[in-house]
Amino acid sequence: MPVVRRGRPHLNLQLPLTKLSHARPPRISLPLPPTSSTAAATQFNWSSSSAPISAADLDKIQVLGSGNGGTVYKVRHKETSEIYALKIINDKSNSNFRSQLDTEMEILRRTDSPHVVKCHSIFQNPSGEFGIVMEYMDSGTLENVLKSEGAFSESKVADIAKKVLNGLHYLHSHKIVHLDIKPANLLVNSKMEVKIADFGVSKILGRTLDTCNSFVGTCAYMSPERLDSLTYGENYDGYAGDIWSLGVTLMELYMGQFPLLPPGQTPNWPTLMCVICFSELPSLPKGVSDEFRNFIDCCLQKESSKRWSASKLLSHPFLCKDSPIKEP
Ligand code: ATP
Ligand code: MG
């Protein structure tokens, strides 16, 4: 039974963690602080040049959002006045949850790309709560921007596609699959930088031939092989799954609504299964360029092996038109 995660929009349907396959790829584990409630505050800092940031250094300004993984606050550093986003996660001492938290923190620790949200520090309070100090993205998520400003133009979608693909290319070349690409997990700032965030269900693949057997993520954006492993094969290619999710996301940004269902239709598991796995997909409306239509086709191939990789898509004509795409 799919479950709806609390505090998220109606499209954010999830499959339960208990559906995680037994055949999970090996993970590389990061040495973590002790989890007992009496543990002393422990902290990790990615920057060797500055002092580690801990909870005591930060003043909470406001709540930015909350989800399954925890609550995210806008915070100000007491000494430097620097603004950060602080994600607070309760250590639920549940092995599945803990394992995902380990992975999320390890990915944030490892990644250093202008297209992936930057993590400055991770600490654990004596109460057992984890804090992840991240760069603050002052325009929020693409989901929020879409709600407040409406659908994006084709050139804007191309610009966003290029930025997200650069991030995905970086992650995939480091054997990291995101598994939950959607407008709500892409952050924007006033410089119109777009960065991939929320590695709460992501995976690090240990070897080139590893496949991905996770069923967590947001099912509205899931590829056919993730939704229906019986028909499409049990071991799926997580890299190609991210490309599918990107294709759905870009269509949504252009059309201003979830693109795979008619406006107003409530998404539920059987409907999504029918559309994504067994029917012909809705296409982009008339009037879009051939390049855009073809680009989406390259992302939304039902057979995962036919989908283009992130690096190949970066040279697609949709992103490489002669006229440079201007920032607003
Ligand atoms: P969910 O699982 O429901 O996606 P989550 O608990 O995993 O949520 P995030 O997606 O990481 O948490 O963040 C929740 C919300 O907090 C985001 O939707 C966004 O509005 C806000 N947020 C997260 N990180 C940042 C950031 N670095 N800068 C600005 N806002 C952020
Ligand atoms: Mg999220």
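If you look the chain up in an unreviewed UniProt entry, it shows as mitogen-activated protein kinase kinase from Cannabis sativa. Its UniProt record gives the chain a comment under Sequence similarities (unreviewed entry), which states: "Belongs to the protein kinase superfamily. STE Ser/Thr protein kinase family. MAP kinase kinase subfamily."

Draft legend 1. Main features of the UniProt feature "binding site: ATP" (unreviewed entry) in the chain. The UniProt record marks Lys87 with the feature "binding site: ATP" (unreviewed entry), using the residue numbering of this structure. Looking at the secondary structure, you find Lys87 in strand E6 (residues 83-89).

Draft legend 2. Spatial organisation of the pairing of strand E5 (residues 70-77). Here eight bridges tie strand E4 (residues 58-67) to E5, and the two strands are oriented antiparallel to one another. Counterpart to Gln62 in the pairing with E5 is Lys74. Between E4 and E5, which pair antiparallel and follow one another directly, the connecting turn spans two residues. Relative to E6, E5 runs antiparallel, the two sharing six bridges. Along E6, the bridge assignment pairs Lys74 with Ala85. Counting the residues between successive antiparallel strands, the hairpin from E5 to E6 contains five residues, one of them, Ser81, with a positive phi of roughly 65°.

Draft legend 3. Looking closely at the site of ligand 1. Neighbouring ligand 1 are 24 residues, the closest being Gly65, Gly67, Gly69, Val72 and Ala85. Ranked by the residues each element gives to the shell around ligand 1, the list is headed by E4, at three residues. Among the residues making up the shell around ligand 1, the classes are represented as 10 nonpolar, nine polar and five charged. There are two domains that each give the shell around ligand 1 at least three residues, and those are domain 1 (55-135) and domain 2 (140-319).

Parameters and conventions
- Throughout, residues of each chain are indexed from 1 in the direction in which the sequence is written.
- As they are written, the chains are lettered A onward and the ligands numbered 1 onward, keeping that order.
- Predicted model: local features are reported for residues with pLDDT of at least 70 only, side-chain atom pairs are reported and counted for 80 or more only, and whole-chain, interface and lining totals are derived from all residues.
- UniProt positions are given in the numbering used here, feature names are shortened, and annotations may be inferred rather than shown by experiment.
- In this text, helices come from DSSP runs of H or I with a minimum length of four residues, and strands from runs of E with a minimum of two, each type numbered from the N-terminal end.
- Criterion used throughout: strands pair if DSSP finds at least two bridges between them.
- Residues are counted as near a molecule or strand when the C-beta atom, derived from backbone positions, lies within 6 Å of that molecule or strand.
- Residue polarity is assigned by list, with Asp, Glu, Lys and Arg as charged and Ala, Val, Leu, Ile, Met, Phe, Trp, Tyr, Cys and Pro as nonpolar; anything else, Gly included, falls into the polar class.
- Here the limits of each domain have been adopted from an automatic or database domain assignment.

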